[in-house]
Structure formats: C-alpha cells, structure tokens
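Tertiary structure, described
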Amino acid sequence: MNILVIGSGGREHALAWKLAQSKHEPKLYAVPGNPGMAEIAECIAGVSIADNSALVSLAKEKAIDFVVVGPEVPLMNGVVDAMEAAGIKAFGPKKAAAEIEGSKAFSKNLMKKYGIPTAKYEVFTDAEEARAYVEKEGAPIVIKADGLAAGKGVIVAETLGDARDAVDEILSGKAFGTAGNRVVIEEFMMGEEASLLAFTDGKTICPMVSSQDHKRAFDGDKGPNTGGMGTYAPAPVMTSDMVERATDEILKPVIAAMAKEGRPYAGCLYAGLMITEEGPKVVEFNARFGDPETQVVLPLLVSDLVDIMLACTDGTLGGMKIEWSAASSVCVVMASGGYPKAYPKGFPIDGLTKAKAAGTLVFHAGTAEKDGQIVTAGGRVLGVVAKAANVKEAAFAAYKGVSAISFEGAFYRRDIAHRALERMK
Ligand code: AMP
Ligand code: GLY
C-alpha cells in the first residue's frame, strides 16, 4: 500500500511514524516532509501543499492508494475532494466540512443551532456595533478574527479598552488581513482546557485519549501564545465521566449536525474544550489532528492507524474496536530562541542520536538538512516525547531526552505537564 502524508511538521512526523508501524507495511511518501520523516518516508520537494492539482498529479505518479492530510490549509482548499474526484482515497474532511475550522462564525452558528455547549457569542462586521456589544457585555471578553489566523487571531481582553482596541485592529484588517473581515465576540469561559481528538467516519465518532497543550511560550503559562510548547496525555481533568459527557454532549451531536447540514464530516475532529463548572464547553473545533497533541496521543494508540483511517474514509468505523495504552506520554517542544517572534535559523542540532538512544522519540518540526547535518529551520524545532507508566515518569524521561539535545538559542518550557504533576502531589 502506498501512502502519501501531506505536511512537514511534528504532527506529520508522528502520523508517519505510527503509519509506518502498520501491519499493512505501507510504502510511505511525504510532501514535503522533513528530515525526521525522511528516515521512514520518501520526501518529495518542489510540490506546493496548497496546489491541489499538483498534489493529485503527484499521487497519481506515485500510485498512491491513500492520502493522509496533516495541516488545515489543504483541507480548506478541498484537497480531499480533489483526491476523491481523481479516484484516490484521502483521510480528512472535505472542503465543506473543514469549514468547521475555517470559519469560527460557521462553527459558532452551528453550535448555537444544535445546542452544543460553547461560550455565548455574537458575530460582527461593523466596528460600531461590535464596540457597542463589548460595552454592554463588559470585560473580560474574548475577541476573535473569523478566518484562519494561524492560531493567533484570538485576544482575551482583560479590560474594555483592550477589547475596543482588538475590535478595531481586527476589523481594520491590520492585524489579520482578510481573516478579520468578521469578528466573533465571545463570553470568557473560566476553567481548565483540554484537547479531545476523535476519529470519525461521519456517523460514528470515537474519542482518542485526551491531552493538554501548553500554548504560552514561557513557564507558568506566561508570555505570548505559540503553536504549542508541549503536551501530555491523558489529561487528568478529562476523567472518564468528563470524556463521556464530552462525547455525548459535544462529539456525537456535532457529527450528527454536520451530516444534517449536508456537510458530512470524516477524518479527525479536534475539540478544544474548556472544562467549566457546568461541564465541558467548546473553545474551538479543528478539522485536523492537533500539533503537538498528535505527538503524545499516537504513541498511546495500540491499534493499527491505517485500519482506523481507512475505516473513517470508508464509513466503516462503527463496531471497530480501538485500543489505547494505559500509559502516559509527554512531549516537550524545543524551539528556536526568539520564537514566536522572529528567530534566526540554520544552527546545527547535536545529540539527536543520544536522545533516541535514551529511549525518547524525537519528532522533527522545524528542521532541515544542510551538508549532511540537521539544522534548525523553524520556530518549533523538535518535539521530544517519552511514554511511561505515569505522567511523572514520562515527563522525567522526556526532559532527559531534551537534555541530550542542543542547538544555539534552544529554549523550551521546563514545566510541561505541571497541572497533572500538581494533582499527583
Ligand atoms: P482558539 O484559537 O479559539 O483556540 O483560542 C486560543 C486560546 O484563547 C484558547 O486556547 C483559550 O486559551 C483562549 N480562549 C479562546 N476562547 C475563549 C473563551 N471564550 N474563554 C476563555 N478563553 C478563551
Ligand atoms: N495545539 C493546538 C492546535 O493544534 O491547534
């Protein structure tokens, strides 16, 4: 079986790593992939992942049987539709279904229509009306650009002044370009966040083990928002009772709602949740696997990922038994100095073999190969992952792996999994 993975980050490396273990023994291709993925997949350069027809041509040329899409951009562009039109199976939602991530206004309206718990909100295009709503609701309040803004289009405004400034910046197009043509203004939800990813074929939905991301750059959840500085799984806030509630109150209803809207959703659905006093509420939906959630969730998957993904695509997930390990895993992201702002690149990375020998998985995110040496090439450079009997041992092992690796300017959070560790005290 020939499988093509689209994407080049830590998430895609983790996907390829798990796919490679399948009993189907797939021949893996990655476009564009990264030097870590190159150890298990043939990486193809020079094809844009935003160009559907180029991707379809590539899939035909390599006789691809199954395409696995990592990032949101190709999904929003309808790459799954394009592959299917060419007779090639692809894992991920079609364009109409990917709108659940592509437009916050769409997903908020869907949740309102179908009674799925989320923060109260209104959508505005007019700055005057948006400001009036902010005055009426008061602070803290959350202001979001409607479209894709690489995870950065959200401002949690502590004061009315900050909220007014955020509205002006988004609607003027200065902050996020056309992603800010519409602004979503939301009630501030208090609670602990968790990520619940799920496999779905559009009818059946199976939650994966829960996880928790660390979005702020620095220890103690301080500093600017990032793509994610580390994760662990499972998240203790997601007790079995809470997973059941989230499945019954959120996952199942949203899949039924998407089908009813004529946008059947198949693939991985990512529910970003706030666990409030009233129960789980949706912060956001993503149409893809989380990054770096995937790096901790997939090491805990016992079942064959190829079988599960094919079942999602073929509509045969119902009745399938998906097995998870009872262990815990922790991912520490090693980033370039300066990230999430501008950072220099091209620094040699040492100790990768040592970290692997110590038993950690090292998923590449922003790396490149230069004259036979792996160098830094992105903000988030590596995800160092360890799996152990409990989260404390997993964190200890992950940090041992991190300490084996070095590159100029490297920085990472030293408190990944702190919420779970505090609970163990
Ligand atoms: P999003 O891109 O929608 O996931 O938002 C980014 C981050 O902003 C989330 O991970 C939360 O920490 C925070 N956030 C978003 N919406 C809310 C809300 N309604 N209440 C509290 N925090 C929020
Ligand atoms: N870790 C956050 C995301 O993938 O959106």
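These notes cover the structure that comes with them. (Residues numbered from 1 in each chain as written. Chains lettered and ligands numbered in written order. Predicted model: local features only at pLDDT ≥ 70, side-chain atom pairs only at ≥ 80, totals over all residues. Heavy atoms only, no water.)

**Concerning the site of ligand 2**
As a structural note, the neighbourhood of ligand 2 is formed by Asp 213, Gly 227, Tyr 270, Asn 286, Arg 288, Gly 290, Asp 291, Pro 292 and Glu 293. Within the side chain of Arg 288, an N or O atom sits 2.9 Å from an oxygen atom of ligand 2. Between Asp 291 and ligand 2, the recorded distance is 2.9 Å, taken from a backbone N or O atom to a nitrogen atom. Against a free-state accessible area of 200 Å², the protein chains account for coverage of 89% of ligand 2. Residues of the shell around ligand 2, tallied by class, amount to two nonpolar, three polar and four charged. (Near = heavy atom within 4 Å. Polar contact = N/O pair within 3.5 Å; in protein donor to acceptor, adjacent residues only side chain to side chain. Areas by Shrake-Rupley, 256 points an atom, 1.4 Å probe, with all protein chains shown as cover. Nonpolar A, V, L, I, M, F, W, Y, C, P; charged D, E, K, R; others polar.)

**Observations concerning the nonpolar core**
Judged by nonpolar contacts, the single largest core of 75 residues is most densely connected at Ile 100, Met 238 and Val 330. Ranked by the residues each element gives to this core, the list is headed by helix 9 (residues 240-260), at eight residues. Setting aside residues no more than four positions away along its own chain, Val 330 makes contact with Thr 231, Tyr 232, Val 296, Val 384, Val 385, Ala 386, Val 391, Ala 394, Ala 395, Ala 398, Ile 416 and Ala 417. Of all hydrophobic cores here, the second largest spans 41 residues; its members include Phe 199, Val 297, Val 306 and Val 385. (Core = buried A, V, L, I, M, F, W, Y, C linked by side-chain atoms within 4.5 Å. Buried < 20%, exposed > 50% of the residue type's maximum accessible area, 1.4 Å probe, protein only. Helix = DSSP H or I, 4+ residues; strand = E, 2+ residues; numbered from the N terminus. Contact = heavy atoms within 4.5 Å.)

**What about helix 7 (residues 127-137)?**
Here helix 7 has its buried residues at Ala 130, Tyr 133 and Val 134. Projected down its long axis, helix 7 carries its buried residues within an arc of 100°, all on one side. In helix 7, those exposed residues whose orientation departs by more than 90 degrees from the buried face are Glu 128 and Lys 136. In this structure, the buried residues of helix 7 make contact with strand 6 (121-124), strand 7 (141-145), helix 8 (160-171) and strand 9 (183-187). Structurally, the start of helix 7 carries an N-cap: the backbone nitrogen of Glu 128 is 3.2 Å from a side-chain oxygen of Asp 126. (Arc of directions from axis to C-beta.)

**Here we look at the environment of Met 309**
Looking at the element boundaries, Met 309 is found in helix 11 (residues 305-314). For Met 309, a relative accessible area of 0% gives the class buried. Spatially, the C-alpha atoms of Met 309 and Phe 347 are 37 Å apart, while their sequence positions differ by 38 residues. Ignoring any residue separated from it by four or fewer positions in sequence, one finds Met 309 in contact with Leu 15, Leu 19, Phe 66, Val 68, Phe 91 and Phe 289.

**Quick word on the site of ligand 1**
Ligand 1 sits among 15 residues. The nearest are Glu 186, Glu 187, Met 189, Glu 193 and Glu 284. Within the backbone of Glu 187, one N or O atom sits 2.9 Å away from a nitrogen atom of ligand 1. Here an oxygen atom of ligand 1 sits 3.0 Å away from a polar atom, N or O, in the side chain of Glu 284. For ligand 1, the protein covers 91% of the area, taking 480 Å² as the surface of the free molecule. Of all the elements in the fold, those that place two or more residues in the shell around ligand 1 are strand 7, strand 8 (154-157), strand 9 and strand 17 (279-286).

**Quick look at the side chain of Glu 186**
Within the element layout of this structure, Glu 186 appears in strand 9. Here Lys 144 takes part through its side chain, which lies 3.4 Å from a polar atom of the side chain of Glu 186. Apart from the residues within four sequence positions on either side, Glu 186 is in contact with Lys 108, Ala 119, Lys 120, Tyr 121, Ile 141, Val 142 and Lys 144.

**Quick word on the packing of helix 7 against helix 8**
Between helix 7 and helix 8, the shortest axis-to-axis distance is 10 Å and the interhelical angle comes to 160°. In terms of orientation, helix 7 and helix 8 fall into the roughly antiparallel class. The crossing of helix 7 and helix 8 is right-handed. Facing Ala 127, Ala 130, Arg 131, Val 134 and Glu 135 of helix 7, the residues of helix 8 in contact are Leu 160, Ala 163, Arg 164, Val 167, Asp 168 and Leu 171. The class makeup of the residues in the contact of helix 7 with helix 8 is seven nonpolar, no polar and four charged. (Axes fitted to C-alpha atoms, helices over the stretch in contact; angles between N-to-C directions. Parallel < 35°, antiparallel > 145°, perpendicular 65-115°, else oblique. Left-handed = near helix turned anticlockwise from the far one by under 90°.)

**Examining the sheet that holds strand 19 (residues 361-364)**
Strand pairs in the sheet, formed through backbone hydrogen bonds, run parallel or antiparallel to each other. Taking strand neighbours across the sheet as the criterion, the five strands line up as 12-15-18-22-19 in an open arrangement whose pairing is antiparallel. Taken across any chain shown, the strands that pair with only one partner, and hence form the sheet edges, are strand 12 (212-213) and strand 19. Of the pairings in the sheet, the one linking strand 19 to strand 22 (residues 380-388) comprises four bridges and is antiparallel in character. Residue Val 362 lies in a different strand from strand 22, and its bridge partner there is Val 384. In the packing of helix 13 (residues 391-404) onto the sheet, the strands contacted are strand 15 (230-233), strand 18 (328-335) and strand 22, and the crossing angle to strand 18 comes to about 30°. (Pairing = 2+ DSSP bridges.)

**Digging into the sheet that holds strand 10 (residues 192-200)**
Across the sheet, four strands lie side by side as 11-10-16-17; this open sheet has antiparallel pairing. Each edge of the open sheet carries a strand with a single partner, namely strand 11 (205-207) and strand 17. Averaged over all pairs of adjacent strands, the angle between strand axes in this sheet comes to 35°, irrespective of strand direction. Of the strand pairs in this sheet, strand 10 and strand 16 (residues 267-276) are connected by nine bridges, and their pairing is antiparallel. Opposite Thr 200, over in strand 16, you have Gly 267 as the bridge partner.

**Remarks on a nonpolar patch on the surface**
On the surface, Val 154, Val 156, Phe 188 and Met 190 cluster together into a nonpolar patch covering about 360 Å² of accessible area. Its location among the elements puts Met 190 in the loop between strand 9 and strand 10. Overall, Met 190 belongs to the exposed group, its relative accessible area being 65%. (Patch = residues over 30% accessible without salt bridge, like charges linked within 9 Å, V, L, I, M, F, W, Y side chains within 5 Å. Salt bridge = Lys/Arg side-chain N within 4 Å of Asp/Glu carboxyl O.)

Just geometry here; none of it tells us what the structure is for.
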